[in-house]
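A structural walkthrough
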Amino acid sequence: MDIVQVARERRTVKAYDSARRIPAGIVERLRELLRLAPSSVNSQPWHFVMASTPEGKERIAKAADAGYQYNAPKIRDASHVVVLASRVEPDASHLQAVLAQEERDGRFINDAARTSQDGSRKSYTNLHRFERKDVAHWHEKQTYLALGTLLLGAAALEVGATPMEGFDAAVLDRELGLREKGYTATVIVSFGYGGNDDFNAKLPKSRLAEDVLFTDI
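These lines cover the structure that appears in this document, whether it is placed above or below.

So, how was this worked out
- Residues numbered from 1 in each chain as written.
- Predicted model: local features only at pLDDT ≥ 70, side-chain atom pairs only at ≥ 80, totals over all residues.
- Heavy atoms only, no water.
- Axes fitted to C-alpha atoms, helices over the stretch in contact; angles between N-to-C directions.
- Helix = DSSP H or I, 4+ residues; strand = E, 2+ residues; numbered from the N terminus.
- Parallel < 35°, antiparallel > 145°, perpendicular 65-115°, else oblique.
- Left-handed = near helix turned anticlockwise from the far one by under 90°.
- Contact = heavy atoms within 4.5 Å.
- Nonpolar A, V, L, I, M, F, W, Y, C, P; charged D, E, K, R; others polar.
- Salt bridge = Lys/Arg side-chain N within 4 Å of Asp/Glu carboxyl O.
- Buried < 20%, exposed > 50% of the residue type's maximum accessible area, 1.4 Å probe, protein only.

In this section: the packing of helix α5 (residues 92-104) against helix α6 (residues 111-131). Orientation of α5 relative to α6, taken along the N-to-C sense of each, is 150 degrees, at an axis distance of 11 Å. Our classification of the angle between α5 and α6 gives roughly antiparallel. In terms of crossing hand, the pair formed by α5 and α6 is right-handed. Residues L95, Q96, V98, L99, E102 and E103 of α5 form the contact with α6, whose own contacting residues are R114, Q117, D118, R121, K122 and T125. In terms of residue class, the contact of α5 with α6 is built from three nonpolar, three polar and six charged.

It is worth spelling out the pattern of salt bridges at this point. Pairs can form between side chains of opposite charge once their charged atoms are near each other. Using the criterion set out here, one finds 10 salt bridges in the structure. Here E175 ties to R59 by a salt bridge, and the two come within 2.7 Å at their closest N and O atoms. Here E175 is found in helix α8 (residues 169-176), whereas its partner R59 is found in helix α3 (residues 54-65), with 116 residues between them in sequence. Accessibility expressed as a relative area gives 22% for E175, which makes it partly exposed.

What follows is the structure, given as structure tokens:
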């Protein structure tokens, strides 16, 4: 697989074929891509809500109906939809769970390595929480790393995707009970296969030229 060619051919789907479903095995791989996404100091400050049924997609579409109606069909007609939510505040139990998982996965050669990793993660978290006072934004940036991983991975799996910021986060947070769990919706991604009226599939990809985007030093 040529990953650069995958990036060249990837398009954001603008209209889905509602009759086509993503095979279960591919869905599992998309979920694993999200689980394996990178984050600063392995903080993983996210939660993913996936809808695969009409009822589940309808719950998510409520957030588009509230002023972002142009996105509603992309949610209702897609095969699957995932909400990427970000942690609003640091949570000691979450940080401990990450540390415990790292230990189970064999990340630490000794107790000193475990203590060092724990201290490093807490140090960066406290930097953004108390000094820069942008911890929620920092967490969102990690979630966008997961988004990038997901979009390129979906293209490699020949699955169409549509990232959406056009939705009412307050509506979606209430519908999914995210705030009670310490999260807020950051971005929605629909998955599936483009329909005949997906105009974007027929358009050439457009990006700024390399000499505009890069400076070599």
